[in-house]
Amino acid sequence: KEVMDMDMDIKFKPSQPHWYERYVQPCVAELLGCTFFIFIGCLSVVEDAEGAGRLQPALAHGLALGLTIAVLGDI
């Protein structure tokens, strides 16, 4: 029982994230998210269907933003 008590007292120091996860990954995620958002937004305005009015670009921007947050939100 003494051995188990000693094991419980050991605290591991959290490791520092790798330089890639700290610097490169957020920049790539930002670039990819902005590119996707702008690309979908521009395409939704160019391909404006008759009668859709302002609804189509608004929905496209909203869905693109939601998808980008869902995919890249953890980074």
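Bear in mind the structure is a predicted one, so any value in this text is a computation, not a measurement. (Residues numbered from 1 in each chain as written. Predicted model: local features only at pLDDT ≥ 70, side-chain atom pairs only at ≥ 80, totals over all residues. Heavy atoms only, no water.)

J.: I'm lost on the overall build of the chain in this one. Help?
T.: Helix and strand counts for the chain stand at three helices and zero strands. Helices (α) and strands (β) of the chain occur, in sequence order from the N terminus, as α-α-α. Put simply, the chain has 75 residues, and 12% of those count as buried. Counting every atom, the chain has about 6800 Å² of accessible surface; 67% of that belongs to carbon and sulfur. (Helix = DSSP H or I, 4+ residues; strand = E, 2+ residues; numbered from the N terminus. Buried < 20%, exposed > 50% of the residue type's maximum accessible area, 1.4 Å probe, protein only. Areas by Shrake-Rupley, 256 points an atom, 1.4 Å probe, with all protein chains shown as cover.)

J.: Looking at this model, I keep getting lost on the packing of helix α2 (residues 19–46) against helix α3 (residues 55–72). Mind explaining?
T.: The relative placement of two packed helices is expressed as an angle between their axes plus a distance between the axes. At a minimum axis separation of 9 Å, α2 and α3 run at an interaxial angle of 160°. Between α2 and α3, the angle falls in the class roughly antiparallel. Regarding α2 and α3, the two cross each other, and that crossing is right-handed. Here A29, L32, G33, F36, F37, I40, G41, S44 and V45 of α2 lie close against α3, whose contacting residues are Q56, P57, A60, H61, A64, L65, L67, T68 and L72. In terms of residue class, the contact of α2 with α3 is built from twelve nonpolar, six polar and no charged. (Axes fitted to C-alpha atoms, helices over the stretch in contact; angles between N-to-C directions. Parallel < 35°, antiparallel > 145°, perpendicular 65-115°, else oblique. Left-handed = near helix turned anticlockwise from the far one by under 90°. Contact = heavy atoms within 4.5 Å. Nonpolar A, V, L, I, M, F, W, Y, C, P; charged D, E, K, R; others polar.)

J.: What is the right way to read the packing of aromatic side chains from this model?
T.: Within a pair of aromatic rings, the relevant descriptors are the distance that separates the centres and the angle that separates the planes. If you walk through the whole model with that rule in mind, you get one aromatic pair. Measuring from centroid to centroid gives 6.4 Å for W19 and Y20, while their planes differ by 90°, and the two rings are edge-to-face. Residue W19 is classed as exposed on the basis of its relative accessible area, which comes to 53%. (Phe/Tyr/Trp six-rings, centres within 6.5 Å; stacked < 30°, edge-to-face > 60°.)

J.: Is there a simple way to think about α2 in this case?
T.: Because the α-helix completes a turn every 3.6 residues, residues three or four places apart line up on one side. Relative to the 40 Å expected for 28 residues at 1.5 Å per residue, α2 spans 40 Å between its end C-alpha atoms, a close match to the ideal helical length. Taken as a whole, α2 carries its principal kink of about 35° at Q25; the proline P26 stands between one and four residues after it. Among all positions in α2, only A29, G33, G41 and S44 are buried. Check the buried side of α2 and you find it contacts α3. (Expected span 1.5 Å × (residues − 1). Bend = angle between axes of the 7 residues up to and from the residue.)

J.: Teacher, can you tell me more about the environment of C34 here?
T.: One can find C34 in helix α2. Judged by relative accessible area, which is 37%, C34 ranks as partly exposed. Along the sequence, C34 and T68 sit 34 residues apart, while their C-alpha atoms lie 8.7 Å from each other.

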